[in-house]
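Take a look at the letters that make up each chain.
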Amino acid sequence: MANYILFGGTFDPIHNGHIRMATYASMKLNADVVFVPARSPRWKNPTSSSNERLKMLKAALKYCPSGSSILDYELKSKDDINYSIDTVRYFKNMHPNDKIYFLIGADQVNRFAEWKNAEELSKLATIIFSSRPNIDLDQDIINLYNMVDIKFYESGEVSSTKVRQLKSLDIPHEVCEIIENDRLYYINKLSKYITNERLEHSIQVAHLAYAIAVKNKLDNPHKYYIAGLLHDAGKTMQIDQVKFMEDNFPMYIDLPKFSYHQFLGAFLAEHEFGIEDEEILTAIRNHCTGNKNMSPISMVVYASDKIEPTRGFDSRFLIDSCMKDYKQGFIDTLIDNKKYLLAHNKDITNELTDACFEMYINK
C-alpha cells in the first residue's frame, strides 16, 4: 500500500513555502506528494492562466520531494467550479487500496464544513493541516472530521500574493525566469512603465545584482534583485520630470536632468509597487549619480547598472571584481565610469557625484 498527499492550490505562483511544506509533510507521513493545481478555485481568482501556473509548477518540481507529481484533473475539468470532493473521488478510484491524505491550509480548517460533501471527503482522505500561531482553530471541527495537525512552522514569510506584488521572491530560480520571460505579475506591471529594451536591461541588472550579493554572501540577496529590477522604473516615463522634482525633491532640482529618473524610479517603487524597504529605495535613488556613504545594496546596484553584460562593452573584468569583492568592484566601476564620462565630455559635476568621488576615489 502506498501513501499519497494531495496538495491542492492555485499555485499562482508556486513558491518555496509550498515546497518546504510538501517536503516536511512527505517526510513526516512517508508519502508521495501529488500537486493538484486548480483551474477554477471556489474562493480565489487566479491572476495567471492555468497553463502558466502549470508551467511554473513543472519547473519547480525538481526541488520537491522525490516521488512528487502533478495531477491535472482539475485543469482539464469543464466545470465552472472545481470541488475537492470530485478530485478526491477521482484519485481514490485510481488508488483504491492506498492511503490518501488531503492537505489544506490552516485558514480553511474552521470553514471546512462549508466544503462540498465535507464528511465524505474526510472519509475518503485524512485531512491534514499545519496550525499557525495567528489562527484560532475550532477543535470541534478538527475532531468532527478527524483532522491531523502536522505542525510545520517553517514555511517562511512568503505567499503567492507577496510574490506577485514583489514583496517576496522566495521562489525557485526557474519560476523567476518564467515570470520574467512570460511577463507575469510584477514584470507585466513594470512593462507598463518602461520600454521593452529598458525592461530587458533592468532584468539583467537585477540578475547581476543578485549574483553579486550571493557571491559576496550579503544578507537578503532578493532585495538586490528588487532594487535592480526597479532602478529604471522612471527612465522612459513620459511626464514632466522637472515639475516632478519641484513637487517631490526640490532639494535636488539643480542636479543634471539625466539624474531625475533615479528619484522618479524610487518614487514609483514606493508608491506604485509598495516597496517600503528604505535600503532598496535609497539604492534606486543613488544608482545614477552615486552618493557618499553608499550601503552594500547601493554599491552593488550602482555597479550592476553600469556593467551588466548587455551594455555593449567588455565588462568581464569589472564583473569579476564585483564577484570577488563587491566594495572593490564598486570602486573599480566608479573609476571606470568616471573615465568614460570625461572621455565623452560629459558634465559630471554635481553635489551627489562629487561626494561619491570624494569618498571613494579621491582619497
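Look a little higher up for the structure.
Rules of the game
Residues numbered from 1 in each chain as written. Predicted model: local features only at pLDDT ≥ 70, side-chain atom pairs only at ≥ 80, totals over all residues. Heavy atoms only, no water. Buried < 20%, exposed > 50% of the residue type's maximum accessible area, 1.4 Å probe, protein only. Helix = DSSP H or I, 4+ residues; strand = E, 2+ residues; numbered from the N terminus. Pairing = 2+ DSSP bridges. Right-handed = clockwise from strand over helix to strand, strands pointing away. 1 Å grid on protein atoms, 1.4 Å probe; cavity = no way out; pocket = protein on both sides within 12 Å on 5 of 7 lines; lining within 4 Å. Points joined across faces, edges and corners; volume = space filled by probe spheres on them. Salt bridge = Lys/Arg side-chain N within 4 Å of Asp/Glu carboxyl O. Core = buried A, V, L, I, M, F, W, Y, C linked by side-chain atoms within 4.5 Å. Contact = heavy atoms within 4.5 Å. Phe/Tyr/Trp six-rings, centres within 6.5 Å; stacked < 30°, edge-to-face > 60°. Lys NZ or Arg CZ within 6 Å of the ring centre and 35° of its normal. Patch = residues over 30% accessible without salt bridge, like charges linked within 9 Å, V, L, I, M, F, W, Y side chains within 5 Å. Areas by Shrake-Rupley, 256 points an atom, 1.4 Å probe, with all protein chains shown as cover. Lys, Arg positive; Asp, Glu negative; His and termini not counted. Charge placed at Lys NZ, Arg CZ, Asp CG, Glu CD. Expected span 1.5 Å × (residues − 1). Polar contact = N/O pair within 3.5 Å; in protein donor to acceptor, adjacent residues only side chain to side chain. Axes fitted to C-alpha atoms, helices over the stretch in contact; angles between N-to-C directions. Left-handed = near helix turned anticlockwise from the far one by under 90°. Nonpolar A, V, L, I, M, F, W, Y, C, P; charged D, E, K, R; others polar.

**Some points on the pairing of strand β2 (residues 32–37)**
Next, step 1: Most of β2 sits out of view: five of its six residues are buried.
Next, step 2: In this sheet, β2 lies alongside strand β1 (residues 3–9) in parallel orientation, the contact comprising six bridges. Within the sheet, the bridge partner assigned to Gly-8 lies in β2 and is Val-36.
Next, step 3: A crossover links β1 with its parallel partner β2, the connecting element being helix α1 (residues 16–29), and its sense is right-handed.
Next, step 4: Bridging between β2 and strand β3 (residues 69–70) involves two bridges; their strand directions are parallel.

**Side note on the layout of surface pockets**
Next, step 1: Computed from the structure, the second largest pocket encloses a volume of approximately 720 Å³.
Next, step 2: If you go around the second largest pocket, you meet 25 residues; those closest to its centre are Lys-306, Arg-311, Asn-337, Tyr-340 and Leu-341.
Next, step 3: When contributions to the lining of the second largest pocket are tallied by element, the ones reaching two or more residues are α14 (296–307), α16 (326–343) and α17 (351–360).
Next, step 4: No other element matches α16, which puts five residues into the lining of the second largest pocket.

**Some thoughts on the pattern of salt bridges**
Opposite charge on two side chains permits pairing when their charged atoms draw close.
Next, step 1: Under the defined criterion, the tally for this structure stands at 19 salt bridges.
Next, step 2: Between Glu-174 and Lys-62 there is a salt bridge, and its shortest N-O distance comes to 3.1 Å. In this pair, Glu-174 is assigned in helix α7 (residues 173–181) and Lys-62 in the loop between α2 (50–60) and β3, connecting sequence segments 112 residues apart.
Next, step 3: As a salt-bridge pair, Glu-157 and Lys-162 come within 3.9 Å of each other at their nearest N and O atoms.
Next, step 4: Relative accessible area serves as the criterion here: at 68%, Glu-157 is assigned to the exposed category.
Next, step 5: A single salt-bridge network, built from bridges that share partners, covers Asp-86, Arg-89 and Glu-120.

**With respect to the nonpolar core**
Next, step 1: In terms of nonpolar packing, the biggest core is built from 88 residues, with Ile-5, Phe-35, Ile-179, Tyr-186, Leu-229 and Leu-230 touching the most fellow members.
Next, step 2: Aside from chain neighbours lying at most four places away, what touches Leu-229 is Leu-166, Tyr-186, Ile-187, Leu-190, Ser-202, Ile-203 and Ala-206.
Next, step 3: In this structure, Ala-118, Ala-125, Ile-141 and Met-147 belong to the second largest nonpolar core, which totals 23 residues.

**Re the packing of aromatic side chains**
Next, step 1: Tallied over the full model, the rule gives 16 aromatic pairs.
Next, step 2: Here the aromatic rings of Tyr-4 and Phe-91 are separated by 5.3 Å at their centres, their planes lie at 80°, and the arrangement is edge-to-face. Of this pair, Tyr-4 sits in strand β1 while Phe-91 sits in helix α3 (residues 84–94), placing them 87 residues apart in sequence.
Next, step 3: For Tyr-4, a relative accessible area of 16% corresponds to the buried category.
Next, step 4: Aromatic side chains Phe-244 and Phe-249 sit 6.0 Å apart centroid to centroid with 50° between the ring planes, which places their arrangement in the tilted category. Note on accessibility: Phe-244 and Phe-249 belong to one class, buried.
Next, step 5: By way of ring pairs, the aromatic residues Phe-244, Phe-249, Tyr-252, Phe-263 and Phe-267 are connected into one cluster.
Next, step 6: The ring of Tyr-83 has Lys-116 lying over it, and the distance from NZ or CZ to the ring centre is 4.6 Å.
Next, step 7: One cation-aromatic arrangement involves Lys-306 over Tyr-302; the distance from NZ or CZ to the ring centre is 3.7 Å.

**Overview of a negative patch on the surface**
Next, step 1: Negative charge collects at one region of the surface, where Asp-254, Glu-351, Asp-354 and Glu-358 lie side by side.
Next, step 2: Inspection of the secondary structure puts Asp-254 in the loop between α11 (241–248) and α12 (260–271).
Next, step 3: Residue classification places Asp-254 among the exposed positions, given a relative accessible area of 75%.

**So, α16**
Next, step 1: The end-to-end C-alpha distance of α16 is 25 Å, a good match for the 26 Å that 18 residues give at a rise of 1.5 Å each.
Next, step 2: Within α16, burial applies to Tyr-326, Gly-329, Phe-330, Asp-332, Thr-333, Leu-334 and Asn-337.
Next, step 3: Considering only its buried residues, α16 is in contact with α9 (196–215), α14, α15 (316–324) and α17.
Next, step 4: Two or three places before Lys-327, at the start of α16, stands the capping residue Asp-325, its side-chain oxygen 3.0 Å from that residue's backbone nitrogen.

**So, the packing of α11 against α12**
Next, step 1: Where α11 contacts α12, the axes come no closer than 10 Å and their chain directions differ by 65°. Classified by chirality, the crossing of α12 by α11 is left-handed. Contact residues: α11 offers Gln-241, Val-242, Phe-244, Met-245 and Asn-248, while α12 offers Tyr-260, His-261, Phe-263, Leu-264 and Phe-267.
Next, step 2: Class assignment of the residues belonging to the contact of α11 with α12 gives a composition of seven nonpolar, three polar and no charged.

**Brief notes about the side chain of Ser-130**
Next, step 1: For Ser-130, the position within the fold is in the loop between β5 (126–129) and α5 (139–144).
Next, step 2: A distance of 2.5 Å separates a polar atom in the side chain of Ser-130 from the backbone oxygen of Phe-152.
Next, step 3: The contacts of Ser-130, once residues within four sequence positions are left out, are Met-21, Ala-106, Asp-149, Ile-150, Lys-151, Phe-152 and Tyr-153.

**Section: the sheet that holds β1**
Next, step 1: Ordered in space as β3-β2-β1-β4-β5-β6, the six strands form an open sheet in which the pairing is parallel. Looking along the sheet, the strands with just one partner apiece sit at the ends: β3 and β6 (148–149).
Next, step 2: As judged from the two bridges shared by β5 and β6, these two strands associate in the parallel manner. Across the sheet, the residue bridging to Ile-128 is Val-148, located in β6.
Next, step 3: Its contacts with the sheet put α3 on β1, β2 and β4 (99–103), and the angle it makes with β4 is roughly 160°.

These results come straight from atomic positions and should not be treated as a statement about function.
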